[in-house]
Amino acid sequence: MRRRDVLAAGALAWLAGCGRAGSQSPTLVIGKPGDISTMDPAITTMSGDFAPIGLAYEKLVRFVMKDGAPTGDVEGELARAWTLDADGRSWVFDLSPGHRFDDGSEVTADAVRFSFERCLKIGRGVAQALGGLEAVEVQGPHRVRFRMAAAMPIFPLILALAPMVVINPRVMRFETNGDLARAWLSEHTAGSGPYHVTGWLRGQRVTLKANPFAAVKPRHFERVAIKVVKDESAYRTQLRKGDIDIYESVTPDAVEPLAAMEGVRVISQPMPLVIALVPNNRRKPLSDVRVRRALAHAVDAAGIARTIVRGRASMIHGVLPAGVPGQDASIPLIAYDPAEARRLLDEAGIAPGLALTLSYAQTSAASDTVALAIQSQLAKVGIDLRLEVLAPSAMSKVRSGDFDLSISTWYADFPDPWPIMKFAYNSANIGEGLNLSRYSNPAVDRLLNTAEATMDQAERIRLYREAQRIIVSDQPMIDLFSLHGIIACRADIEGFDYSFWQPGIYNAAAMSRRAESAAA
C-alpha cells in the first residue's frame, strides 16, 4: 500500500471512529501541542515522539512502577527470564512465546538482534545509551545474548527505555539506498504492541488501530488518535466538550480553569527533569569558574519558579532531581545574591558591561519568559545579555559549541544517576550535543566511568555522590529547577496510569470509558 493510500485509510478510520469522545466510539483521543517528528525508534530520543512508538512496539523488559514512578526494577514484556553471565559482561534473555508482529510473524531472537544491530549501525538516538554493547548473539530461536565491553549493572534498566523496542526484520523490504528502512519507519510502525499505525496526516493526527496479532489485546479502545492541538483555548474547549480525552502539555496558568471544569481532572507530579542555564565552559570568560559562580548567584531561580511556572517546580540540591538515588539534600541551594555575583565578577577582572548571548529554542510557552527574566537579572550585575531565539533545527549551532549561554534540559529516565551524570558531565560526550556545557574534569570522568561498571549499588551511589560534589564546586551549569508535569484527562476515562518519568507513554490498551458516560 502506498503512503497516499495509508493516509486515506487512516482518515477513513478517523471519521468512522470519532465524534464526541463521550460517545460509544471505541477511540481514545490524545491531544498534543505539536506533531511528532519521526516514528523510527532508532532515531528519536524526544518524548514527543514516544506515543505511537509506545503503543505499537514492545520491549524486552519494562519498568516496575509504584505510585507513578519506576522502582528501579524491571519485569518482562517480551522476555520471560534473564540472567547475567559469570563474567559480569553478558546478559542472556529468554523470550516468552506467543508474541507476534502486526503482520503475524513471530517475535524471535533474530528480530531482537536485528533491532539492536540496526540501532548501532544508525548510530543515533538510542545508540547513545548502547555505547558499551559489543555484540548481540542469537543462541536459539528464543534466546539472545548481549555482550558488553565491560560490566554494566544498569543494562536491564536501559533496555526498558521507551525507544528500546523490537522491530520486525521484514521492514528491510522497504530499505532504500541502504537507509535500513529509515524513510519507511519514520512514517510507519512494525511492532508487536497492542496497536499499529494506520495513517499520519502531518500536523494534524496519527491514527492507530488494534493489532490483531498482539499478545496484549485492548480492553476497550480499538483505535487511538493522537491529535495535534496547538492553541490553548482550543484544547480547553475540546476537553470540555469531550472531543479529546487526554491533553499532555498543560501550562501552569491553565491548571485552575481546567480543574474547575466539569468532567475533567488534572494530574500534576514532579518530573525528574532538570532545566539549566548552560555556560560554554570552553569560551572566555565563562571558562573562569568565578564567572560561572557569579552567574549562579545572579539568577533568581526560585523567583523564576515561583512566578513563571506558578510554583510547579522543585529546587535542586546538587545536580540530581529528587527521587534519583545519589541526590544529596545536604548540598545547599545556591543563594540569589547579586552583590556576591558582582564581587566574583570584579575578582575575575570583569568590568560592568560584559556582553554575552543566550541562544535557545522556544521549546515551550515559557521559554521566552524565562529568557527575559534571566536577561533582566543579569543586567543587575552588569552583564548585557542578548537573546538569540533559534529554530529547533538550528540548535546544531549550540551543540557544536558555537554559543556563550544556552538553556537546556536533562532527564532521569529511571531512578539512577547514570542518565544525567553520564551524558551531562562526562567529557567523552562533548561534541555529541549531550555534554552541552563542554565540561571536562578528569577526576569526574574517572568516578563516573568507575561507577558505571560497579556492580555494588551502594558503592556506585557513593562514587556518584563524590563526583557530584566536585561538579558542584566546578559549577559547569546553573541548574534552575526541576519541573512538575501537568496532564489533563476526561474524568470518565478509567485505567489511566500515566507516569511523568515516562512522558508520552500511554497504557491505552488497559483504559476504558465508563459505561454510564458512554450511554449518555
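See the structure printed just above.
A short note on the sheet that holds strand β7 (residues 143-148)
Link 1 in the chain: Taken in spatial order, the 4 strands of this open sheet run β4-β5-β7-β6, and their pairing is antiparallel. The open sheet has two free edges, formed respectively by β4 (79-84) and β6 (133-140), since each of these has just one partner strand. Strand after strand, the sheet turns through a mean of 20° between neighbouring axes, direction not considered.
Link 2 in the chain: Two elements, β6 and β7, share 6 bridges in a ladder whose sense is antiparallel. Of the residues in β7, the one forming a bridge with Val 138 is Val 144.

Side note on the packing of helix α13 (residues 418-425) against helix α14 (residues 442-452)
Link 1 in the chain: At a closest axis distance of 11 Å, the pairing of α13 and α14 adopts a crossing angle of 145°. The crossing of α13 and α14 is left-handed. Contacts between α13 and α14 involve Trp 418, Met 421, Lys 422 and Tyr 425 from the former and Val 444, Asp 445, Leu 448 and Glu 452 from the latter.
Link 2 in the chain: Residue classes in the contact of α13 with α14 are distributed as 5 nonpolar, no polar and 3 charged.

What to know about the pairing of strand β3 (residues 69-76)
Link 1 in the chain: Sheet topology places strand β2 (residues 61-66) next to β3; 5 bridges connect them, and they run antiparallel. Bridging from a neighbouring strand, Lys 66 pairs with Ala 69 of β3.
Link 2 in the chain: As consecutive antiparallel partners, β2 and β3 are separated by 2 residues, and within that stretch Asp 67 has a phi angle of approximately 55°, a positive value.

Some words on the pairing of strand β14 (residues 354-361)
Link 1 in the chain: The buried fraction of β14 amounts to 7 of the 8 residues, a majority that puts the element mostly inside the structure.
Link 2 in the chain: One ladder, built from 8 bridges, connects β14 with strand β15 (residues 383-390); its direction is parallel. Considered in β15, the bridge of Ala 361 is made with Leu 390.

Focus on the packing of aromatic side chains
Link 1 in the chain: Summed over all chains, the structure comprises 13 aromatic pairs.
Link 2 in the chain: Look at Phe 63 and Phe 414: their rings are 5.9 Å apart centre to centre, the planes differ by 40°, and that puts the pair in the tilted class. Taken together, the residues Phe 63 in strand β2 and Phe 414 in the loop between β16 (405-411) and α13 connect sequence positions 351 residues apart. With respect to burial, Phe 63 and Phe 414 carry one shared label: buried.
Link 3 in the chain: A ring pair is formed by Tyr 425 and Tyr 439, whose centres lie 6.2 Å apart and whose planes are at 85°; its orientation type is edge-to-face. Within this pair, whereas Tyr 425 is found in helix α13, its partner Tyr 439 is found in the loop between α13 and α14, the two being separated by 14 residues in sequence.
Link 4 in the chain: Under the relative-accessibility criterion, Tyr 439 is labelled buried at 3%.
Link 5 in the chain: Ring pairing ties together the aromatic residues Trp 82, Phe 93, Phe 116, Phe 146 and Phe 155, which thus form one cluster.

What counts and how
- Residues numbered from 1 in each chain as written.
- Predicted model: local features only at pLDDT ≥ 70, side-chain atom pairs only at ≥ 80, totals over all residues.
- Heavy atoms only, no water.
- Pairing = 2+ DSSP bridges.
- Helix = DSSP H or I, 4+ residues; strand = E, 2+ residues; numbered from the N terminus.
- Axes fitted to C-alpha atoms, helices over the stretch in contact; angles between N-to-C directions.
- Left-handed = near helix turned anticlockwise from the far one by under 90°.
- Contact = heavy atoms within 4.5 Å.
- Nonpolar A, V, L, I, M, F, W, Y, C, P; charged D, E, K, R; others polar.
- Buried < 20%, exposed > 50% of the residue type's maximum accessible area, 1.4 Å probe, protein only.
- Phe/Tyr/Trp six-rings, centres within 6.5 Å; stacked < 30°, edge-to-face > 60°.

So yeah, pure geometry; function would need other evidence.
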